[in-house]
Amino acid sequence: MSGSGQTGGSALIVIDMVNTYEYEDAELLTPAAERVVPVLARLIGRARDAEVPVIYANDNFGLWRSHHGELVETALSRPHADLVEPIRPADDSLFVVKTRHSIFYDTPLSYLLRQLGAETLVLTGQVTEQCVLYSALDAHIRHFEITVPRDAVASIHPHLEAAALEMMECNMGARIVGAEDVTFRGVPGAGG
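To keep things clear, this report deals only with the structure shown in the data block. Predicted model only: the values in this text are computed from it and were never measured.

How each quantity is defined
Residues numbered from 1 in each chain as written. Predicted model: local features only at pLDDT ≥ 70, side-chain atom pairs only at ≥ 80, totals over all residues. Heavy atoms only, no water. Phe/Tyr/Trp six-rings, centres within 6.5 Å; stacked < 30°, edge-to-face > 60°. Helix = DSSP H or I, 4+ residues; strand = E, 2+ residues; numbered from the N terminus. Buried < 20%, exposed > 50% of the residue type's maximum accessible area, 1.4 Å probe, protein only. Lys NZ or Arg CZ within 6 Å of the ring centre and 35° of its normal. Salt bridge = Lys/Arg side-chain N within 4 Å of Asp/Glu carboxyl O. Axes fitted to C-alpha atoms, helices over the stretch in contact; angles between N-to-C directions. Parallel < 35°, antiparallel > 145°, perpendicular 65-115°, else oblique. Contact = heavy atoms within 4.5 Å. Pairing = 2+ DSSP bridges.

Taken as a whole and assessed by the stated rule, the structure comprises 2 aromatic pairs. Residues Tyr-56 and Phe-95 carry aromatic rings whose centres are separated by 6.3 Å and whose planes lie at 10 degrees to one another, so their mutual orientation is stacked. Residue Tyr-56 is found in strand S2 (residues 54–59), and its partner Phe-95 is found in strand S3 (residues 94–98); the two are separated by 39 residues along the sequence. Under the relative-accessibility criterion, Tyr-56 is labelled buried at 0%. Residue class for Phe-95 comes out buried when judged on its relative accessible area of 16%. Directly above the aromatic system of Phe-144 lies the positively charged group of Arg-114, at a separation of 4.1 Å from the ring centroid.

Scanning all chains against the criterion turns up 6 salt bridges. Glu-22 is paired through a salt bridge with Arg-78; the nearest N and O atoms lie 3.0 Å apart. Linking Glu-22 in the loop between strand S1 (9–15) and helix H1 (26–49) with Arg-78 in the loop between helix H2 (68–76) and S3, this pair joins segments that are 56 residues apart in sequence. For Arg-78, a relative accessible area of 33% corresponds to the partly exposed category. Across the salt bridge formed by Lys-98 and Asp-59, the nearest N and O atoms sit 2.9 Å from each other. Within this pair, whereas Lys-98 is found in strand S3, its partner Asp-59 is found in strand S2, the two being separated by 39 residues in sequence. Ionic contacts of the salt-bridge type, sharing partners, join the residues Asp-16, Asp-59 and Lys-98 into one network.

Below, the discussion takes up the packing of helix H4 (residues 128–141) against helix H5 (residues 158–172). H5 packs onto H4 with a crossing angle of 5 degrees between their chain directions and a minimal axis gap of 9 Å. With respect to each other, H4 and H5 are oriented roughly parallel. Within the contact between the two elements, H4 uses Thr-128, Glu-129, Val-132, Leu-133, Ala-136, Leu-137 and His-140 and H5 uses Leu-160, Glu-161, Ala-164, Leu-165, Met-167, Met-168, Asn-171 and Met-172.

Of all 5 residues that make up S3, 4 are buried, and the element is covered over most of its length. Here S2 pairs with S3 via 5 bridges, running parallel. Paired with Ile-55 across the bridge in S3 is Leu-94.

Turning next to unusual backbone geometry. Residue Val-127 is bonded to the preceding Gln-126 through a cis peptide linkage, with omega at 5 degrees. For Val-127, the position within the fold is in the loop between strand S4 (118–126) and H4. Unusually for a residue other than glycine, Tyr-21 sits at a positive phi of about 55 degrees. Structurally, Tyr-21 can be placed in the loop between S1 and H1. Accessibility expressed as a relative area gives 5% for Tyr-21, which makes it buried.

Structure follows, in structure tokens:
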């Protein structure tokens, strides 16, 4: 996808929400995901209405020969499909397969965001105290502005989530807000 050449826009990043919830600690994460999914579904809708890119950054579950469509179909075929269906990527959604905690580690995401003219990243998804935190740090060192809607991120351990949100705010200058307070800045020609 080629960029508009303009800058100053936003991108909504959905981290690890295309998920099977079949791993250690999943039973601790699932209740938080259940709370987040409706909020995130509305936020995705608002971003799309504002023609702001929605980028899914997702683990590949160790399926190294997989592609994003297969990851989505796998998640939808498992018992927690109800946590994926409301936020399912559209056919034209942008999708970055990640290999580790950060959405930037060994992915083309930085390049994609620059092509889209995105300077503000709205980080959502799971797990707040792991992938969201590490992604925020990597976004910060790449000079992106960061917004994290506290009700659109899910955690395994609430006390660690609170600490992670505080660290993002204090150490990375992230705006920690409610999802209803997220403002999107579109870049003409860069829909999601």
